[in-house]
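# Commentary on secondary and tertiary structure
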Amino acid sequence: MPTDAFGDLVFTGLGQKVGKYVRLSQDTPPSVIYHLMTQYWGLDIPNLLISVTGGAKDFNMKPRLKSVFRRGLVKVAQTTGAWIITGGSHTGVMKQVGKAVRDFTLSSSYNEEEVVTVGIATWGTVHNREGLIHPSGSFPAEYIMDEEGQGHLTCLDSNHSHFILVDDGTHGRYGVEIPLRTKLEKFISEQTKERGGVAIKIPIVCVVLEGGPGTLHTIYNAITSGTPCVVVEGSGRVADVIAQVAGLPTSEITISRIQQKLSVFFQEMFETLSESRIVEWTKKIQDIVRRRQLLTIFREGKDGQQDVDVAILQALLKASRSHDYFGHENWGHQLKLAVAWNRVDIARSEIFSDERQWKPSELHPVMMAALISNKPEFVKLFLENGVRLKEFVTWDTLLYLYQHLDPSCLFHSKLQKVLAEEPERLASRPTAPRVQMHHVAQVLRELLGDFTQPLYPRPRTGDRPHLLLPVPNIKLNMQGVSLRSLHKRSPGHVSFTMDPIRDLLIWAIIQNRRELAEIIWAQSQDCIVAALACSKILKELSKEEEDTDSLEGMLVLADEYEHRAIGVFTECHRKDEERAQKLLTRVSEAWGKTTCLQLALQAKDMKFVSHGGIQAFLTKVWWGQLCVDNGLWRVILCMLAFPLLYTNLISFRYQVAAGLWAGAGASDRPSPLCLQG
């Protein structure tokens, strides 16, 4: 039957925070629930599933341990993009999770994403559940928390973001939701998440605080099914029994030792247990602690452990070393997990160690994932560990990157406009990928200026764009660099030469990815012209950007790259003035056969042009070109015109400056390089 309790949920008197809830049957297929969560509730597919279990009644934890647990749990969820699943009630371990989320929400900034906390509870045990019933869905339903009048029932926890309420028709019977929760967690852990061409199955970890017989059963089922568990020592009862026994050598984990621990941590309950129950508990604990690869004990302040988040991620990596993965594939799987979680600290400490030496080619797939998902720290880590951009960035790699541009960036929409103007191409080659590199080159030429040449050529019919392309049979020398020397020689044809660092830098800049662009620019050999080109691209994009925040970010980044160009030029000028000035007019083959001076003038980079070394160069060029002509009257006239000419040139009043130049009688000679800009 259709459910009569679903929709938005607010807790009366606790602000305007809106959650989601649904009442469903205990035999609802997990696939249906997962579809509801991702498609209708709009939750992003998680990178990790954290199932928190333990005591359902309030228990005492040391203040410091409580603080460490709360901080670490939310940190791992927030940094990795995890879902936290609990029983959803305002009591016991579920209450501790809720308070952890509340503390994070109060201290986080407005742009930080909400921590997804899913409470799976039994409908028949929820106090004041009548207020959640509305045949057509309530928007929102108002839920009243009444802890004093709840009796043997329990209230929902107000700090959870989503609730799944399992109904089997019973009233007041706890544990109804456990089978469905187990099936749902298993189903989610079997799903695959893909990002940047790298796919991983969603890992799951069980975190245990305190707990009684039910918690012991949950841990046992998790361990036997291959799910890693993190047990928090110091939280009480079952958690402490397992933690203390697990620290012993295998030979000392005897039945008498386990029963002695049970009698200490359960006290009165232990005396009422039958012999068969004690034996059952003992065997389960023995089986749990023997699976050391799947069991991690968090001891606050011991064994170098300081944070719960690190313990959780270490537990998952430790489990993957012997479960379902072996050898090379195991290491690759661990690295994929670390990238998905965006935890470069875990990758450095657990994966890039002396145990394993990585070949650069093995890191290429995760490098691609780190670029597309904008994880600059991982890009830096991979570069430190041997990835060479010249080997990584092939034509196909670059094409893949542009086909996976961030849809929200302005360059993506400009690229779509270019594609829309080619209906005949789509009609003739409907199976061809929509975005090709000559489309990218067309948009880039609009941004850099018509004075540049296309960075990527249009392929000949029937050729793959990265294969052989014809080169005109001419000999041309620019500043001592032969055009033909930039291509590999072959009979009649040559391979098109890319500049991988330039290509990757442009891809990062057009998406306004500041940190990523900085890492790539630092590897550029022609870094002055690269910085000025970035400044020009960003300024041109900002003219069309409608989003105020993005526009401001582009202008700030453009200014930053202008300052970088100034910084590098200043250092060069300090070392050798003459060679530094040659850099200004050196033709850059990589950047469309333009020069630093042309780019700076076109981008209106006033701070760069007003640099003392550049001003001295402009004066020298201007005066030298005048003195070529022997007419003394022209020299005198130009000396009088110079102040006005120079002022108007620096102010970018090109027409006025050109007029003064012509008026000086020099119009029959080539204009100086500064005017060519």
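An account of the accompanying structure is given in this report. Everything quoted here is computed from the prediction, not taken from an experiment. (Residues numbered from 1 in each chain as written. Predicted model: local features only at pLDDT ≥ 70, side-chain atom pairs only at ≥ 80, totals over all residues. Heavy atoms only, no water.)

### Thoughts on the side chain of glutamine 581
- Here glutamine 581 shows up in helix H24 (residues 577–585).
- You can call glutamine 581 buried: its relative accessible area is 8%.
- Within the structure, the side chain of glutamine 581 is placed 3.5 Å from the backbone oxygen of glycine 613, a separation counted as a polar contact. (Helix = DSSP H or I, 4+ residues; strand = E, 2+ residues; numbered from the N terminus. Buried < 20%, exposed > 50% of the residue type's maximum accessible area, 1.4 Å probe, protein only. Polar contact = N/O pair within 3.5 Å; in protein donor to acceptor, adjacent residues only side chain to side chain.)

### Some thoughts on the packing of aromatic side chains
- Scanning all chains against the criterion turns up twelve aromatic pairs.
- Look at phenylalanine 352 and tryptophan 358: their rings are 5.7 Å apart centre to centre, the planes differ by 40°, and that puts the pair in the tilted class. Taken individually, phenylalanine 352 and tryptophan 358 each receive the classification buried, so the pair is uniform in this respect.
- Here phenylalanine 569 and phenylalanine 608 contribute two aromatic rings whose centre-to-centre distance is 6.0 Å and whose plane-to-plane angle is 65°, an arrangement assigned as edge-to-face. With phenylalanine 569 in helix H23 (residues 548–575) and phenylalanine 608 in helix H26 (residues 606–609), this residue pair connects regions lying 39 residues apart in the sequence. Of the two residues, phenylalanine 569 and phenylalanine 608, both sit in the buried class.
- Clustering of aromatic rings is evident, with ring pairs tying together Phe352, Trp358, Phe378 and Phe382.
- Positioned above the aromatic ring of tyrosine 561, the side-chain terminus of arginine 564 is 4.6 Å from the ring centre. (Phe/Tyr/Trp six-rings, centres within 6.5 Å; stacked < 30°, edge-to-face > 60°. Lys NZ or Arg CZ within 6 Å of the ring centre and 35° of its normal.)

### Some thoughts on helix H9 (residues 275–290)
- Between its first and last C-alpha atoms H9 spans 23 Å; for 16 residues at 1.5 Å apiece the expected length is 22 Å, and the two agree.
- Those residues of H9 that fall on the buried side of the exposure criterion are Ile278, Trp281, Thr282, Lys284, Ile285, Gln286, Ile288 and Val289.
- Packed against the buried residues of H9 are helix H5 (213–224), helix H6 (237–246), helix H7 (255–266), helix H8 (268–272) and strand E12 (295–298). (Expected span 1.5 Å × (residues − 1). Contact = heavy atoms within 4.5 Å.)

### Examining the pattern of salt bridges
- Under the criterion given, the structure shown has 31 salt bridges.
- Residues lysine 414 and glutamate 446 are paired through a salt bridge, measuring 3.7 Å at the closest nitrogen-oxygen approach. Residue lysine 414 is found in helix H17 (residues 410–420), and its partner glutamate 446 is found in helix H19 (residues 437–448); the two are separated by 32 residues along the sequence.
- The partly exposed category is assigned to glutamate 446, whose relative accessible area is 46%.
- For lysine 543, the salt bridge goes to glutamate 540, with nearest N and O atoms at 3.1 Å. (Salt bridge = Lys/Arg side-chain N within 4 Å of Asp/Glu carboxyl O.)

Function cannot be inferred from these measures alone, as they are strictly geometric.
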